[in-house]
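Coordinates in review
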Amino acid sequence: METVTVSPKFQVVIPKGMREALKLTPGQKVQALLYENRIELIPVRPVKRMRGFLKGIDTRVAREGDRV
């Protein structure tokens, strides 16, 4: 777990290891969500970049008769 400091302008720096793992770039947008007692930052990804991210998912699920 990493600790960051909130600046007088309420800014924080995302640690380098996390930026690299998430492949964040300068100027990239992130969504800020308040969830229970914490702040979550979620990278906004272009739709084109999401293409194929479900490749290989198992689509054999039990469905109701009117949903087939």
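Every value quoted in this text rests on a predicted model; they were computed, and no experiment measured them.

**Description of the pattern of salt bridges**
By the definition in use, this model includes three salt bridges. Residue Lys16 is joined to Glu20 by a salt bridge in which the shortest nitrogen-to-oxygen separation is 3.9 Å. A residue pair is termed a helical-turn pair when its members lie 3 or 4 positions apart in one helix, as Lys16 and Glu20 do in helix H1 (residues 16-22) at four residues. As far as burial versus exposure is concerned, Lys16 and Glu20 are alike and both exposed. We note a salt bridge from Asp58 to Arg60, for which the minimum N-O separation is 3.0 Å. Owing to a relative accessible area of 47%, Asp58 belongs among the partly exposed residues under this scheme. A residue is classified by how much of its surface remains accessible, and Arg60, at 72% relative accessible area, is exposed.

**Observations regarding a nonpolar patch on the surface**
Among the surface-exposed residues, Val4, Val6, Phe10 and Val12 lie close enough to one another that they form a single nonpolar patch of about 410 Å² accessible area. Position of Val12 among the secondary structure elements: in the segment before H1. Residue Val12 is classed as partly exposed on the basis of its relative accessible area of 43%.

**As for unusual backbone geometry**
Even without being a glycine, Phe10 presents a positive backbone phi close to 60 degrees. Locating Phe10 in the fold gives a position in the segment before H1. A relative accessible area of 75% means that Phe10 is categorised as exposed. At Lys23, a position not held by glycine, the phi torsion is positive, near 55 degrees.

**Quick notes on the environment of Gly65**
Within the secondary structure, Gly65 is located in the segment after helix H2 (47-50). Relative accessible area serves as the criterion here: at 67%, Gly65 is assigned to the exposed category. Note: C-alpha distance between Gly65 and Pro43 (22 residues apart in sequence) is 38 Å.

**Quick word on the pairing of strand E1 (residues 30-35)**
Here E1 pairs with strand E2 (residues 38-43) via six bridges, running antiparallel. Paired with Gln31 across the strands is Ile42, a residue of E2. The turn linking E1 back onto E2 is made up of two residues, and Glu36 within it adopts a positive phi angle of 50 degrees.

Rules and cut-offs
Residues numbered from 1 in each chain as written. Predicted model: local features only at pLDDT ≥ 70, side-chain atom pairs only at ≥ 80, totals over all residues. Heavy atoms only, no water. Salt bridge = Lys/Arg side-chain N within 4 Å of Asp/Glu carboxyl O. Helix = DSSP H or I, 4+ residues; strand = E, 2+ residues; numbered from the N terminus. Buried < 20%, exposed > 50% of the residue type's maximum accessible area, 1.4 Å probe, protein only. Patch = residues over 30% accessible without salt bridge, like charges linked within 9 Å, V, L, I, M, F, W, Y side chains within 5 Å. Areas by Shrake-Rupley, 256 points an atom, 1.4 Å probe, with all protein chains shown as cover. Pairing = 2+ DSSP bridges.

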